[in-house]
Amino acid sequence: MATVSPSWNYTLRLPRDPRSPGVGRATLRAVLAAHDLSELTPTAELLAAELLTNAHRHTVQEYALRVLEVGGRLRVGVWDRDWRVPVEFEEDVRPVDLDAECGRGLQLVRACSEGRGVSVSRDLGVSRGGKLLWVDCGAVG
């Protein structure tokens, strides 16, 4: 009889502290190593770094990293309390100068992810409102 491995889901709440994006990346590496998915680390870490840094730079409260398996895919998401979705997450809205110091992060997310999406909740009930930006990073099986 074949066994089916249950899906898994990790959430790390992070304070608004300049060290938090690094703590999130280290946690992501540990989760991937624990699930024998280290080959996905470079892409997953790049994508997580961009999403975590944006949450840190553009919100004033805590945020959270989510790492989970969904339908045989690795999904990395970042939740924050701001329900506004950056337009650049879903489409290329403006060219970025080659020598610009910022503005390329979400272009990298779009280029390197295998899928992406957003879940927005303006209701402050159980979900506490906000948005979850997520990206798919590769197959886990």
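Computed from a predicted structure; not experimentally measured. (Residues numbered from 1 in each chain as written. Predicted model: local features only at pLDDT ≥ 70, side-chain atom pairs only at ≥ 80, totals over all residues. Heavy atoms only, no water.)

1. Overview of the sheet that holds strand S2 (residues 63–70)
We count it as follows: Two strands qualify as a pair provided DSSP detects at least 2 bridges between them. Where helices and strands are cited, they refer to DSSP runs of H or I of at least four residues and of E of at least two residues respectively, numbered from the N terminus. The axes are straight lines fitted to the C-alpha atoms, using for helices just the contacting stretch, and the angles between their N-to-C directions are given from 0 to 180°.
On the basis of which strands lie adjacent, the open sheet formed by five strands has the order S1-S2-S3-S5-S4 and antiparallel pairing. The open sheet has two edge strands, strand S1 (9–14) and strand S4 (115–121), and neither has a second partner. Adjacent strand axes in the sheet meet at a mean angle of 15° when their direction is disregarded. Inspection of the sheet shows S1 paired to S2 by six bridges, in the antiparallel sense.

2. Things to note about the environment of Glu69
Rules: Three labels apply to residues, based on accessible area from a 1.4 Å probe with only protein chains included: buried if under 20% of the type maximum, exposed if over 50%, partly exposed otherwise in between. Note on contacts: a residue pair qualifies if any of its non-hydrogen atoms lie within 4.5 Å across the two residues.
Within the element layout of this structure, Glu69 appears in strand S2. On the basis of relative accessible area, Glu69 is assigned to the buried category, the value being 15%. Residues Glu69 and Tyr10, spaced 59 residues apart in sequence, show a C-alpha to C-alpha distance of 9.4 Å. Sequence-distant contacts of Glu69, that is, excluding residues within four places in its chain, are made with Ser7, Trp8 and Val140.

3. A word on the pattern of salt bridges
Rules: Here, a salt bridge means any side-chain nitrogen of Lys or Arg that lies within 4 Å of a carboxyl oxygen of Asp or Glu.
What the rule picks out here adds up to nine salt bridges. Of the charged contacts in the structure, one is a salt bridge between Glu45 and Arg29, with a shortest N-O distance of 2.4 Å. Of this pair, Glu45 sits in helix H2 (residues 41–58) while Arg29 sits in helix H1 (residues 20–34), and the two are 16 residues apart along the sequence. What makes Glu45 buried here is its relative accessible area of 18%. Here Arg29 falls in the partly exposed class, since its relative accessible area comes to 35%. Two residues, Arg73 and Glu114, come together in a salt bridge whose shortest N-O distance is 1.6 Å. In this pair, Arg73 sits in strand S3 (residues 73–80) while Glu114 sits in the loop between helix H4 (105–112) and S4, placing the two residues 41 residues apart along the sequence. Take Arg73: its relative accessible area is 26%, and that puts it in the partly exposed class.

4. A few points about H1
Every α-helical turn comprises 3.6 residues, leaving residues that sit three or four positions apart pointing alike. Cut-off, in case you're wondering: Given the number of residues in a helix, its expected span is that number minus one, multiplied by 1.5 Å. Here the arc refers to the directions that run from the helix axis out to each C-beta atom.
When the terminal C-alpha atoms of H1 are compared, their 21 Å separation across 15 residues agrees well with the 21 Å that a helix rising 1.5 Å per residue should span. The complete set of buried residues in H1 reads Ser20, Pro21, Gly24, Leu28, Val31 and Leu32. The buried residues of H1 all sit within an arc of 110° when viewed along its axis, so they share a single face. On its buried side, H1 packs onto S1, H2, S2 and S3. Among the residues trailing H1, Asp36 stands out with phi positive, at a value near 55°.

5. Quick look at the packing of H1 against H2
Test applied: Under this scheme an angle from 65 to 115 degrees is roughly perpendicular, one under 35 degrees roughly parallel, and one over 145 degrees roughly antiparallel; angles in between are oblique. By the definition used in this description, the sense in which the near helix is turned from the far one sets the handedness, with an anticlockwise turn below a right angle giving left-handed and a clockwise turn giving right-handed. Under the scheme applied, nonpolar residues are Ala, Val, Leu, Ile, Met, Phe, Trp, Tyr, Cys and Pro; charged residues are Asp, Glu, Lys and Arg; polar residues are all the others, including Gly.
Axis separation between H1 and H2 bottoms out at 9 Å; the angle between their running directions is 150°. By the criterion of interaxial angle, the relationship of H1 to H2 is roughly antiparallel. Crossing of H1 against H2: the hand is right-handed. Between H1, through Pro21, Gly24, Arg25, Leu28, Arg29 and Leu32, and H2, the contact on the second element is made entirely by Thr41, Ala44, Glu45, Ala48, Ala49, Leu52, Thr53 and His56. In the contact of H1 with H2, the residues fall into seven nonpolar, four polar and three charged.

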